[in-house]
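Fold and contact review
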Amino acid sequence: MEQVRIRLFFIVLLGASLLSGACTGRTPLVISGASTDRVLFTPSLGESVKFSFMLSRNARVSVKIFDSRDLLVTTIMERKRTRAGIVEAVWNGRDQEGREVPDDAYTYTVEAETWWGEKVVYDLTDLTGGERVYPKYLTIDRQTGTISYVILEPARVRLNVGIRKSQDLEIPLAMLLDWAARPPGLNSVAWDGWDSDHQIKFLGHKDFGMGFWAFSLPHNIVMTRGSKVALTSYLRNHPAHREKRHARHISRTLYKHAVPVSYTHLRAHETVLDLV
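Residues numbered from 1 in each chain as written. Predicted model: local features only at pLDDT ≥ 70, side-chain atom pairs only at ≥ 80, totals over all residues. Heavy atoms only, no water.

1. Here we look at the sheet that holds strand 10 (residues 147-151)
On the basis of which strands lie adjacent, the open sheet formed by three strands has the order 9-10-13 and antiparallel pairing. Both outer strands of the open sheet, strand 9 (137-140) and strand 13 (185-189), are each paired with one neighbouring strand and no more. The mean angle between the axes of side-by-side strands here comes to 15°, regardless of whether they run parallel or antiparallel. (Pairing = 2+ DSSP bridges. Helix = DSSP H or I, 4+ residues; strand = E, 2+ residues; numbered from the N terminus. Axes fitted to C-alpha atoms, helices over the stretch in contact; angles between N-to-C directions.)

This is how it looks when you write it as structure tokens:
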């Protein structure tokens, strides 16, 4: 009986080894070289963004777009049978219902699965971004109130204007950008020179100052512009019961910079340029 058991053990072991060899002989399923033909596009003008990536094996592929809350906006490829090689997909800047999305940053993910169940996911949302971004240029036109700045990568930006009362205390009077998604390059913000309540015009004040904060966005983002749809109303009317992106366990806190703190606390880290 003992010899039979030993023989059965080696038969099972041999079978497992052969099966393992057969499995390892297959080319692993890999998604690589994911990119877009542009970061910023204008859906209202008929523009679209093209995603491309390399697939190592034939598989069923899904490409999904998510909003800033990690809720599904639309699926532009859904378990489509796809051959190995270069794969392309196009998004026209509209959601699942065909509505134009508001100006913001959107993440995309790619999922692939073979017929025997091997599955891989391309998603950099939790692995990239969240780093402090400093402007290379920040100035204001004293005549028009237009504020201009340059950033070198896509980022969410917060911009306040206020009065500097002392070296360590600055009073914010108007918030011009509240963690708004902005593309790399030259950006500008129009300002009428008044505070948020339209009670004080302080554009020409001798102690005028600006507070600028920004953090980088994930690498797997695209941004829309030119939409007439308000972001707040869209998010309010966009059903929250939609599919949610599966965050990785090593998710980074990308919005840690948005924790409310005073100007005094940020003083040592903020980028404030004194303007003449």
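Continuing now.
2. Overview of the pattern of salt bridges
Using the criterion set out here, one finds 14 salt bridges in the structure. Between E111 and K64 there is a salt bridge, with the nearest N and O atoms lying 3.9 Å from each other. Taken together, the residues E111 in strand 7 (residues 105-113) and K64 in strand 4 (residues 59-66) connect sequence positions 47 residues apart. In this pair, the class of E111 matches that of K64, namely buried. The salt bridge involving R245 is made with D123; its shortest N-O contact spans 2.9 Å. Taken together, the positions of R245 in the loop between helix 2 (231-237) and helix 3 (263-266) and D123 in the loop between strand 8 (119-122) and strand 9 put the pair 122 residues apart, joining distant regions of the chain. Side by side, R245 and D123 carry an identical accessibility label, which is buried. Salt bridges sharing common partners tie together D70, D123, D126 and R245. (Salt bridge = Lys/Arg side-chain N within 4 Å of Asp/Glu carboxyl O. Buried < 20%, exposed > 50% of the residue type's maximum accessible area, 1.4 Å probe, protein only.)

3. A look at the sheet that holds strand 6 (residues 85-91)
Strand order across the open sheet formed by three strands is 1-3-6, with antiparallel pairing between neighbours. Both outer strands of the open sheet, strand 1 (31-36) and strand 6, are each paired with one neighbouring strand and no more. Averaged over all pairs of adjacent strands, the angle between their axes in this sheet comes to 20°, without regard to strand direction. The sheet contact formed by strand 3 (residues 49-55) and strand 6 spans seven bridges and is antiparallel. Within the sheet, the bridge partner assigned to K50 lies in strand 6 and is V90.

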